[in-house]
Amino acid sequence: MYVIQVASECAPVIKAGGLGDVVYGLSRELAAQGHCVEVILPMYDCMRYDHIWGLHEAYANLWVPWDGGRVHCSVFCGWVHSQLCFFIRPHSFQDYFDRGCYYGCDDDQMRFAFFSKAALEFLQQANKKPEIIHCHDWQTGLLPVMLYEMYKFHGMDHPRVCYTVHNFKHQGITGANVLRETGLNNEPYYFQYDKLQDNFNPFAINMMKAGIVYSNHVNTVSPHHAWEARYTPISCGLGHTLEVNQGKFGGVLNGINYNFWNPETDTYMPEPYSAKDMTGKAAAKRALRDRLNLEHNDERPLVAFIGRLDDQKGVHLVHHSIYYTLHRGGQYVLLGSATESGINDYFHHEKSYLSDNPNCHLELGFNEELSHLIYAAADMIVVPSNYEPCGLTQVIGLKYGAVPVVRGVGGLVNTVFDWDYDQDKPQEERNGFLFYQSDPAALESAMCRAFDLYYENPTLFAKLQKQGMECDYSWKKPAEQYTGIYEYIKA
Ligand SMILES: Nc1ncnc2c1ncn2[C@@H]1O[C@H](COP(=O)(O)OP(=O)(O)O[C@H]2O[C@H](CO)[C@@H](O)[C@H](O)[C@H]2O)[C@@H](O)[C@H]1O
């Protein structure tokens, strides 16, 4: 099958979080299973050009109809670790993708509406005929609208659209001007409740709702989160839209790419290791302690948090996990970045307060290389999220022998099975610790069991680590599920 992914991220060249991992990992696995896969991305000035091989201009003159005129774009093409990617670069005074950041601009909705339109225009002008266009998150929500309301009538009547929601919190809610600029001119038509109108603001359109309404299939990234989205307020106002579209909505659990996330081959670590021989993990711990000036003391378990410092991730519990770890004699390493200034200030303050502590390091920023070393060095990884559509850090942690301590929400309950209490799995298939309430006492109830096992029964703790490393969260099964969805909507 010929599949084109259209997204705002693809790791490692463009990565702000898990979306990038998914677009890359799924594309590679689909290709390995025999499909032809291409990825269309914005060409940001700040992306990791060092991860692109053979970058060259493939189409010099892509003219994109926009705001009653046309915008001149170039399309570059290159390989990101064997994955063929196209990068769209507009030459307009707005400099949509030359902002030194991926997101966070006042006109984000306009930037990504433009990108979606340019992607379709590129497919049409380059005469590409994908059977499936796979769109991700609100940034590409208008693509199926433009496909079925405009481009279908210009010969693109074949592609079917699969739309994946990675995070219901960010929906791309914006005004009617986006419709005018894209050429979706019939405002009263799109401002209907069963079309693009936001469910709560009658004067706004909702780009994620647009993707849900117009795509042939919609999914989120774990079965449990799909259930939460239907039956709890976690879908942030889109519950009724999902109810109406329930026949085409489901959940596919994310995988991770074991070529990239694998302690046996990871080049960011000092020594490789595997479930059979864990000596390399001790070397990673030494390297991390050296790098971050932490005390060298093998008695202390190393606890880590890696992720966006955002309300979603349960920052109040992340904060509590630092002090609980120190109280239990452990070491703590945090790697995270915050976009909200309040949260950012809070963790900067915490960082300076703890700066002299030899058992704690807070690294505030985004650092792919360091994240690999932390996963490898950690004994436990904490994921105390308020909500979590899937979560990748616990799955990566498992592969590196970091035992996950997670809150039982979203995809975390589809991937982590409690060592003491899981009702369905035998103990030899369990891999971590869970808690359910979102308060410090609940977090402690799980962390306490992890620390007790580490201190009181190291042999069993090592067994638990190995069981986690042997779990299979590769992309093989999820990619087969996506192929099934593609086949179904294509028929
Ligand atoms: N400061 C930092 N430095 C280096 N690396 C960092 C980093 N902060 C995060 N990362 C990396 O980014 C990825 C984050 O994965 P998450 O599952 O937490 O994604 P996120 O919440 O962004 O995305 C959303 O999409 C994904 C994919 O569908 C869902 O799993 C998730 O639940 C949903 O919220 C991991 O690879 C992690 O190592």
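Residues numbered from 1 in each chain as written. Predicted model: local features only at pLDDT ≥ 70, side-chain atom pairs only at ≥ 80, totals over all residues. Heavy atoms only, no water.

An unreviewed UniProt entry annotates the protein chain as Glycogen synthase originating from Romeriopsis navalis LEGE 11480. Within the UniProt record for the protein chain, the comment given under Sequence similarities (unreviewed entry) is "Belongs to the glycosyltransferase 1 family. Bacterial/plant glycogen synthase subfamily." (UniProt positions renumbered as here; feature names shortened; annotations may be inferred.)

Draft legend 1. View of the sheet that holds strand β13 (residues 331–337). As summarised here, the arrangement of the 6 strands in space is β14-β13-β12-β15-β16-β17, forming an open sheet in which the pairing is parallel. Lying at the two open borders of the sheet, with one neighbouring strand each, are β14 (360–364) and β17 (433–435). With direction set aside, neighbouring strand axes in the sheet form an average angle of 15 degrees. With 4 bridges joining them, strand β15 (residues 380–383) and strand β16 (residues 403–407) adopt parallel strand pairing. In the strand pairing of β16, I381 is matched with P404. Relative to the sheet, helix α15 (residues 440–456) contacts β12 (302–308), β15, β16 and β17, its axis offset from that of β17 by approximately 160 degrees. (Pairing = 2+ DSSP bridges. Helix = DSSP H or I, 4+ residues; strand = E, 2+ residues; numbered from the N terminus. Axes fitted to C-alpha atoms, helices over the stretch in contact; angles between N-to-C directions. Contact = heavy atoms within 4.5 Å.)

Draft legend 2. The sheet that holds strand β4 (residues 69–80), seen in detail. Strand order in the open sheet formed by 9 strands is β3-β4-β5-β2-β1-β6-β7-β10-β11, and the pairing between neighbours is mixed. The open sheet has two edge strands with one neighbour each: β3 (52–66) and β11 (249–251). Across the sheet, the mean angle from the axis of one strand to that of its neighbour is 25 degrees, orientation sign disregarded. Helix-sheet contacts for helix α1 (residues 18–32) involve β1 (2–6), β2 (36–42), β4, β5 (83–90) and β6 (132–136), and the interaxial angle to β2 is about 155 degrees. Docked against the sheet, helix α17 (residues 476–490) engages β1, β6, β7 (160–165) and β10 (217–220), running at close to 140 degrees with respect to β7.

Draft legend 3. Seen up close, the pairing of β6. By the criterion of burial, β6 is predominantly enclosed, with 5 of the 5 residues buried. With burial as the criterion, each face of β6 is covered, one bearing I132, H134 and H136 and the other bearing I133 and C135. Summarising the sheet, β1 and β6 pair through 4 bridges and their orientation is parallel. Note that in β6 the partner of V6 across the bridge is C135. Relative to β7, β6 runs parallel, the two sharing 5 bridges. Bridge assignment links H136 to a residue of β7, and that residue is T164. (Buried < 20%, exposed > 50% of the residue type's maximum accessible area, 1.4 Å probe, protein only.)

Draft legend 4. Broad picture of the UniProt feature "domain: Starch synthase catalytic" (unreviewed entry) in the protein chain. If you check UniProt for "domain: Starch synthase catalytic" (unreviewed entry), the listed places come out as residues 3–243 in our numbering. Counted over residues 3–243, helix gives 30% and strand 27%. Its end C-alpha atoms are 28 Å apart.

Draft legend 5. Quick peek at the site of the ligand. Close contacts around the ligand come from 32 residues, with D21, H166, K313, Y375 and E388 the closest. One of the backbone N or O atoms of N367 is found 3.0 Å from a nitrogen atom in the ligand. Considered on its own, the ligand offers 710 Å² of accessible surface; in the complex 97% of this is hidden by protein. At the level of secondary structure, the elements contributing two or more residues to the shell around the ligand comprise α1, β12, β13, α12 (368–377) and α13 (393–399). Counting residues per element, the shell around the ligand draws most heavily on α1, at 4 residues. Along the lines of polarity and charge, the residues of the shell around the ligand split into 12 nonpolar, 14 polar and 6 charged. (Near = heavy atom within 4 Å. Polar contact = N/O pair within 3.5 Å; in protein donor to acceptor, adjacent residues only side chain to side chain. Areas by Shrake-Rupley, 256 points an atom, 1.4 Å probe, with all protein chains shown as cover. Nonpolar A, V, L, I, M, F, W, Y, C, P; charged D, E, K, R; others polar.)

Draft legend 6. Up close: the pattern of salt bridges. Considering all chains together, one arrives at 21 salt bridges under this definition. A salt bridge links K15 to D21; the nearest nitrogen and oxygen atoms lie 3.1 Å apart. Both residues of the pair, K15 and D21, belong to the buried class. Among the charged side chains, a salt-bridge network with shared partners connects K15, D21 and E368. (Salt bridge = Lys/Arg side-chain N within 4 Å of Asp/Glu carboxyl O.)

Draft legend 7. Spatial organisation of the domain arrangement of the protein chain. Domain annotation of the protein chain identifies domain 1 (2–255 + 476–490) and domain 2 (279–469). Carbon and sulfur atoms make up 57% of the area that domain 1 and domain 2 hide from each other, which totals about 1500 Å². Inspection of the region where domain 1 meets domain 2 yields 3 salt bridges. In this structure, R48 and E369 form a salt bridge, with 3.3 Å as the shortest nitrogen-oxygen distance. Summed over the shared surface of domain 1 and domain 2, the number is 9 residue pairs in polar contact (both at pLDDT 80 or more). Only α1 and α7 (223–231) provide two or more residues apiece to the side of domain 1 that touches domain 2. It is α7 that provides the largest number of residues to the side of domain 1 that touches domain 2, a total of 4 residues. When grouped by side-chain class, the residues that make up the side of domain 1 that touches domain 2 number 6 nonpolar, 9 polar and 5 charged. (Domains from an automatic or database assignment. Buried area = accessible area lost by both parts, 1.4 Å probe.)

Draft legend 8. Expanded view of the packing of aromatic side chains. Per the counting criterion, the structure on display carries 24 aromatic pairs. Aromatic pair Y189 and Y190: ring centres 4.9 Å apart, planes at 75 degrees, arrangement edge-to-face. Exposure remark for Y189: the relative accessible area of 28% places this residue in the partly exposed category. Between Y375 and Y400, the ring centres sit 6.1 Å apart and the planes meet at 35 degrees, which makes this aromatic pair tilted. (Phe/Tyr/Trp six-rings, centres within 6.5 Å; stacked < 30°, edge-to-face > 60°.)

Draft legend 9. Geometry of unusual backbone geometry. Residues A11 and P12 are joined by a peptide bond in cis, for which omega reads -5 degrees. Residue position: P12 is located in the loop between β1 and α1. Phi is positive for D67, close to 55 degrees, though the residue is something other than glycine. Here D67 is to be found in the loop between β3 and β4. With a phi close to 55 degrees, N127 is a non-glycine residue in the positive phi region. Assignment of secondary structure puts N127 in the loop between α2 (108–125) and β6.

Draft legend 10. A look at the confidence of the model for the protein chain. A residue-level look at the protein chain finds 100% of positions with pLDDT of 70 or above and a mean pLDDT of 97. Across the interfaces of the predicted complex, the ipTM metric reaches 0.99, alongside a pTM of 0.97. (pLDDT = per-residue confidence, 0-100.)

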